[in-house]
Amino acid sequence: MIRKAVIPAAGLGTRFLPATKAVPKELLPVVDKPAVQYVVEEAVRAGLEDILMITGRDKGALEDHFDRSPQLERILECKGDVTKLAAVRQASELADLHYLRQGEPLGLGHAVLMAEKHIDNEPFAVLLGDDLIDEREDLLARMIEAQAISGGSVVALMEVDPEQISAYGCAAVDVVPGQDYVRITGMVEKPEQECAPSNLAVIGRYVLHPEIFAELSRTKPGRGCEIQLTDALQSLAVAGSTGNGVFGVIYNGRRFDTGDKFSYIKAVVTIALERDDFGRELRKWMQEIVDISEFSGPSYMSGNSPFSNSGVFASKEASPYG
Ligand code: G1P
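Residues numbered from 1 in each chain as written. Predicted model: local features only at pLDDT ≥ 70, side-chain atom pairs only at ≥ 80, totals over all residues. Heavy atoms only, no water.

### Description of the site of the ligand
Defined as follows: If a single non-hydrogen atom of a residue is within 4 Å of a molecule or strand, that residue counts as near it. Nitrogen and oxygen atoms within 3.5 Å of one another constitute a polar contact, given that in protein one can donate a hydrogen and the other can accept it, and given that sequence-neighbouring residues count only through two side-chain atoms. The accessible surface values rely on the Shrake-Rupley method and a 1.4 Å probe; as for residues, cover is taken only from the protein chains in view. Amino acids outside the nonpolar list (Ala, Val, Leu, Ile, Met, Phe, Trp, Tyr, Cys, Pro) and the charged list (Asp, Glu, Lys, Arg) are all regarded as polar, and Gly is one of them.
Around the ligand, the neighbouring residues are L108, L128, D131, Y168, G169, E189, K190, V202, Y206, Q228, T230 and R255. V202 places a main-chain nitrogen or oxygen 2.6 Å from an oxygen atom of the ligand. When isolated, the ligand has an accessible area of 380 Å², and the protein chains bury 77% of it. A per-class count over the shell around the ligand returns five nonpolar, three polar and four charged.

Right under this line is the structure:
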């Protein structure tokens, strides 16, 4: 039975600067919850309550978020604000969280290798802290089952447009008759579109055989001069190697990469639209602003902008931006 998960969260978040200069990218809010809390909740839903987070310099706020906050809790208690009090406490009661700091950003493979002592020779999950998987899907449970049946390592795969494959690890696969998963015959980190063996991208969920640690400790720096998890998995995928092979579970559901600005905006809007408290109101407001932008078109430049208090909107109250 798999009990432990590793969440690598040591990356510098350079795609999201300047917002991530002082705030870890994993703590950027998706509506009112940090992205990484969705990831921790996903692990817990799959029965993984022992979670090791690999953090780094200037990432102390991650620990604070999942810790108790006595002063804040006292204030909320005095005010009788039970809803906010429950939300604040919930983050600290989610799971059994542990932390390790990666001294230098030497890559995802190196971050996972740091978990070796904590994991102690059993299969374990890795969840990347900025990948959001639809919480109605059971991707991790399917991967855990595939690991139990195959005895190897399992990655989550998703079809992407061929021109996007160079942003991902990419896998060549073979069908496994009668199973919900495929066998991976080769993996390459961020290939050029012309050299990619498929359009199946590795997304940020892995269930790994502990043999990965021995492989990672032999893995030389690869793409971007970093120790790549994909390269170690490629060695385990080669026929006859240790670790019982590498398999893929194909995911067709909704996924957001909150480390990417556009995908982050989509995550916030989509999840906000589904909220009971203001989803309907937001939908209405969005319909208004989309209609108005179509109506105004290039006349924004001539002062007819909904951002100004003239033209289309005579008063702030009437403006959907108000
Ligand atoms: C990492 C992995 C890559 C994977 C991706 C998924 O890359 O190295 O294989 O496809 O996560 O999000 P990163 O996005 O950290 O550069």
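### A few points about unusual backbone geometry
Rules: Under the DSSP-based scheme used, a helix requires at least four consecutive residues in state H or I and a strand at least two consecutive residues in state E, with every element numbered from the N terminus. Throughout, exposure labels follow a simple rule: accessible area from a 1.4 Å probe, protein chains only, divided by the maximum for the residue type, with under 20% read as buried, over 50% as exposed, and the rest as partly exposed.
Here the bond from L17 into P18 is cis, since omega is 5°, no more than 30 degrees from zero. Position of P18 relative to the elements: it lies in the loop between β1 (4-8) and β2 (29-30). Within the chain, D120 stands out as a residue other than glycine whose phi angle is a positive 60°. Position of D120 relative to the elements: it lies in the loop between α6 (116-119) and β6 (124-127). On the basis of relative accessible area, D120 is assigned to the exposed category, the value being 54%. Positive phi values are uncommon outside glycine, yet N121 reaches one of about 60°. Tracing the chain through its elements places N121 in the loop between α6 and β6. What makes N121 exposed here is its relative accessible area of 64%.

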